[in-house]
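Descriptive structure summary
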Amino acid sequence: MIDQCLIKHKMKEDKSWSFTDESHHNTSYLTHNYYTYPAKFIPQVASRLILENSNEGDIVVDPFMGSGTTIVEALLNKRFGIGCDINYVAFLVAKAKTTPINNKLLEEEILQLRSDLDYRMNGKYNYYLSKSYRFIPKNDKIDYWFKKHQKEKLAIIFARINEVQNSAIKNLFLVAFAQILKHCSIWLQSSVKPQRDFKKVNYEPLELFLSRVRNMSKRNEAFIQKLKPEIINSINEHRKVIRRDARKIPCEDNVATSIVTSPPYVTSYEYADLHQLPALWFNKMNDLSSFRKNFIGSVFKTEENEVNVHSKTADEIIENFKGKKKSKEIRKYYFEMYDCLAEMKRVLKKNGKACIVIGDTQYRNIDILNHLVFIEQLNSLKFEIENVTVRQVTSKMLPSFRDSRTGRFAKPTNTNIKLVHPKEYIIIAKKN
Ligand SMILES: C[S@@+](CC[C@H](N)C(=O)[O-])C[C@H]1O[C@@H](n2cnc3c(N)ncnc32)[C@H](O)[C@@H]1O
């Protein structure tokens, strides 16, 4: 069992990790603002962890890479980056964010795209609509989220993107397309859960898409300026990002110097639900319920058996929810996370560091102390906890509140319970 006094001794709040003075502009520089990815961490945290726990030329891994924040920062800091995520949308975004594209080529492609789309939308609309119809996903959810005319305009754009030959440019356009979907649907914009807004003002898809692409092109150019030429010239040797489960990191044994990651949460929100619009268009979601089951921490994953979660704190939390479905859900989460930590150990070299950024949550007044559980699980895997820093969270895109009566997500005014405490823990654990 873990020595709680030792942990307390090693745990300290450090304001310099909060980056409270950073504006949104400063936390979304270069390619970091390509896509609004839920629960993405700010690049300042990833960058500092990389700089403090690895050297130039080292391998840095993120098994829950999400939108690829760690991998972008690894490249900017002259490291090799390896990342995976179970979410196809995360993979697309991370790939686009870490792929420098020749700006002349990109600008030419954008020019052609704009002129073609102007013609297709304003000149021969009906002709191109009929040709683009097959790009509308065959899924009931499409009509649930999109009004007919928006769906049709989006299909024309999507069909044109699919004609692009250069795979890096096509990927960048797909990310721009994914980014505008929420605005072009009736998804309630400010909501932390999928909810429809029938009075929503419609954005013009083409305008939104082209402005997005122009912005990304400028950021791509700035990204290139910051990268070393040898990294640009052999980008595929410097970073690997793939769609894969965190328990199968695409990396050999004992080679990584550090892991810089922020794992999924339990009792937080459904990543699958939040990514369903692009997943629909990209045909990565036949039905929502099987899509959800891929994600660790999903409400739709439960563990019936009394499996070992390797943490006394986890056992206590599970016991607090005894008799409720929530206990099975939390058990599954900690059970799966233990395997993820074991996989991190596999890829780390001796003395390599796992840097894990995690917040605690609360459900119906019961604390879910993720940081303590992870520390205990890491100890059980014979990691040495070097230190635990507490930081205030200023800009993490996480829903923060649940209704105290129903336990459902709610606007802060209707609730008195916080879902995610506005602080998180940075656990640094060394592989011995
Ligand atoms: C907190 S987010 C990471 C965000 C990331 N740090 C960023 O800056 O964008 C956690 C990620 O874990 C991913 N995830 C959930 N289950 C997974 C699994 N089984 N294997 C790999 N990734 C998974 C989710 O898709 C989500 O992207």
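Residues numbered from 1 in each chain as written. Predicted model: local features only at pLDDT ≥ 70, side-chain atom pairs only at ≥ 80, totals over all residues. Heavy atoms only, no water.

1. Focus on the nonpolar core
General note: in soluble globular proteins, nonpolar side chains tend to be found buried as a group. We count it as follows: Among buried residues, the Ala, Val, Leu, Ile, Met, Phe, Trp, Tyr and Cys ones that are joined through side-chain atoms within 4.5 Å form a nonpolar core. Accessible area is worked out with a 1.4 Å probe on protein chains only. A residue is then buried under 20% of its type maximum, exposed over 50%, and partly exposed in between. Helix and strand definitions here come from DSSP, where helices need a minimum of 4 consecutive H or I residues and strands a minimum of 2 consecutive E residues; each element is numbered from the N-terminal end. The split of the chain into domains comes from an automatic or database domain assignment. Any two residues whose heavy atoms approach within 4.5 Å are treated as being in contact.
Grouped together as the largest cluster of nonpolar side chains are 109 residues, with contacts concentrated most on Phe173, Phe177, Phe209, Trp281 and Tyr334. Top element by residues in this core is helix H9 (residues 167-184). It accounts for 11 residues. Both domain 1 (4-100 + 227-431) and domain 2 (103-224) contribute no fewer than three residues apiece to this core. Setting aside its immediate chain neighbours within four residues, Phe209 contacts Leu113, Leu117, Ile157, Ile161, Phe173, Ala176, Phe177 and Ile180. Counting residues in each nonpolar core, the second largest holds 15 residues, with Ile42, Val45, Ala46 and Ala74 among its members.

2. Considerations on the environment of Asn351
On the secondary structure map, Asn351 appears in strand E6 (residues 348-358). Those residues in contact with Asn351 that sit more than four places away from it in its chain are Lys430 and Lys431.

3. With respect to the side chain of Gln377
Note that Gln377 resides in helix H18 (residues 370-380). With relative accessibility at 0%, the residue Gln377 sits in the buried group. Contacts of Gln377, omitting those with residues within four sequence positions, involve Val309, His310, Ser311, Tyr334, Met337, Tyr338 and Leu341.

4. Brief notes about the confidence of the model for the protein chain
Just so we agree on the cut-off: pLDDT measures how confident the predictor is about each residue, on a scale from 0 to 100.
In this model, the protein chain carries an average pLDDT of 91, and 91% of its residues clear a pLDDT of 70 or more. In this model, residues 396-400 is a region of pLDDT below 50 whose contacts with residues beyond four sequence positions or in other chains number 24 contacts. pLDDT under 50 marks residues 405-409. Its contacts with residues more than four places away, or in other chains, come to 16 contacts.

5. Some points on the domain arrangement of the protein chain
Stated formally: For this analysis, a salt bridge means a side-chain nitrogen from Lys or Arg found within 4 Å of a carboxyl oxygen belonging to Asp or Glu. In protein, a polar contact requires one atom able to donate a hydrogen and another able to accept it; more generally it is a pair of N or O atoms within 3.5 Å, and residues adjacent in sequence count only if both atoms are side-chain atoms. Gly falls in the polar group here, along with every residue not listed as nonpolar (Ala, Val, Leu, Ile, Met, Phe, Trp, Tyr, Cys, Pro) or charged (Asp, Glu, Lys, Arg).
Entries for the protein chain in the domain assignment read domain 1 (4-100 + 227-431) and domain 2 (103-224). The distance between the C-alpha centroids of domain 1 and domain 2 comes to 29 Å. Between domain 1 and domain 2, the contact holds 36 residues from the first and 36 residues from the second. Put simply, domain 1 and domain 2 have zero salt bridges between them. Our enumeration of links across domain 1 and domain 2 arrives at 12 residue pairs in polar contact (both at pLDDT 80 or more). Broken down by secondary-structure element, the contributors of at least two residues to the side of domain 1 that touches domain 2 are helix H3 (69-76), helix H4 (88-97), helix H13 (271-274) and helix H14 (276-281). Residue classes in the side of domain 1 that touches domain 2 are distributed as 23 nonpolar, nine polar and four charged.

6. Things to note about the site of the ligand
Operational definition: The criterion for a residue being near a molecule or strand is simple. One of its heavy atoms has to lie within 4 Å of it. For every accessible area listed, the method is Shrake-Rupley and the probe measures 1.4 Å; residues are considered covered only by the protein chains on display. With a 1 Å grid spanning the protein atoms alone, the term cavity applies to any set of points in which a 1.4 Å probe fits but cannot get out, the term pocket to an open set with protein on both sides within 12 Å along at least five of seven lines, and the term lining residue to any residue with an atom within 4 Å of a point. Cavities and pockets are treated as containing a molecule whenever more than half of the molecule's atoms lie within 2 Å of their grid points.
Tyr37, Ser67, Thr69, Asp85 and Ala246 are the nearest of the 24 residues found near the ligand. Tyr37 places a side-chain nitrogen or oxygen 2.5 Å from an oxygen atom of the ligand. Computed on the free molecule, the ligand has an accessible area of 600 Å², of which 100% lies beneath the protein chains in the complex. Taking a 2 Å distance to the grid points as the criterion, the majority of the atoms of the ligand fall inside the largest cavity. Residue composition of the shell around the ligand, grouped by class: 13 nonpolar, six polar and five charged.

7. Side note on the sheet that holds strand E4 (residues 239-243)
What counts is decided by this rule: Each pair of strands is called paired provided DSSP finds at least two bridges between the two strands. Working convention: axes come from line fits to C-alpha atoms, limited for helices to the stretch in contact. Angles between N-to-C directions cover 0 to 180 degrees.
The sheet built from eight strands is open, its strands ordered E1-E9-E12-E6-E5-E2-E3-E4 with mixed pairing. What marks the edges here is a single partner per strand, and that holds for strand E1 (11-13) and E4. Sheet twist, expressed as the mean angle between neighbouring strand axes with direction ignored, is 15°. Contacts from H4 reach strand E3 (80-85) and E4, with the element oriented near 160° to E4.

8. Some remarks on empty space enclosed by the protein
As a reminder, the rule being used: Grid points are joined across faces, edges and corners, and a volume is the space filled by probe spheres set on the points.
Across all of its chains, the model carries two cavities of 30 Å³ or more by this definition. Reported here for the largest cavity is a volume of approximately 330 Å³. Lining the largest cavity are 24 residues, with Phe64, Gly66, Asp85, Ser262 and Pro264 sitting closest to its centre. Each residue belonging to the lining of the largest cavity can be placed in one class, and the counts come to 14 nonpolar, five polar and five charged.

9. Notes on the packing of helix H6 (residues 125-132) against helix H8 (residues 148-161)
Defined as follows: Each angle receives one of four descriptions, namely roughly parallel if under 35 degrees, roughly antiparallel if over 145, roughly perpendicular if within 65 to 115, and oblique otherwise.
Two numbers describe how H6 lies on H8: the axes approach to 9 Å, and their chain directions differ by 75°. When the interaxial angle is binned, H6 and H8 end up roughly perpendicular. Here Tyr125, Tyr128, Leu129 and Ser132 of H6 lie close against H8, whose contacting residues are His149, Glu152, Lys153, Ala155, Ile156 and Ala159.

10. Some remarks on the side chain of Lys97
Let me state the cut-off plainly: Under the convention used here, Asp and Glu are negative, Lys and Arg are positive, and both His and the chain ends fall outside the count.
Here Lys97 shows up in helix H4. Despite being buried, Lys97 has no salt bridge partner; Glu73 is the closest side chain of opposite charge, sitting 8.5 Å away. At 3.1 Å, the side chain of Lys97 and the backbone oxygen of Ser67 are in polar contact. Beyond its immediate stretch of four places on either side in the chain, Lys97 contacts Thr31, His32, Tyr34, Lys40, Ser67, Thr69, Val72 and Phe223.

11. Quick word on the packing of aromatic side chains
What counts is decided by this rule: Aromatic rings from Phe, Tyr and Trp, taking only the six-membered ring of Trp, are treated as a pair when their centres fall within 6.5 Å; an angle between ring planes under 30 degrees marks them as stacked, one over 60 as edge-to-face, and anything in between as tilted. Look at NZ for Lys and CZ for Arg. If either is within 6 Å of the ring centre and within 35 degrees of the ring normal, a charge sits over the ring.
Counted under the stated rule, the structure contains 21 aromatic pairs. Their ring planes at 55° and their centres at 6.4 Å tell us that Tyr35 and Tyr37 sit as a pair that is tilted. You'll find Tyr35 and Tyr37 in the same group, each marked buried. Between Phe146 and Trp281, the aromatic rings sit 5.9 Å apart at their centres with planes inclined by 85°, giving edge-to-face as the arrangement. Pair noted here: Phe146 is in the loop between helix H7 (140-145) and H8 and Trp281 is in helix H14, with a separation of 135 residues, a long-range link. Note on Phe146: relative accessible area 3%, which makes it buried. Residue Trp281 is classed as buried on the basis of its relative accessible area, which comes to 1%. Just above the ring of Trp17 sits the side chain of Arg48; from NZ or CZ to the centre is 4.0 Å. The aromatic ring of Tyr88 is capped on one face by Lys284, whose charged end is 4.5 Å from the ring centroid.

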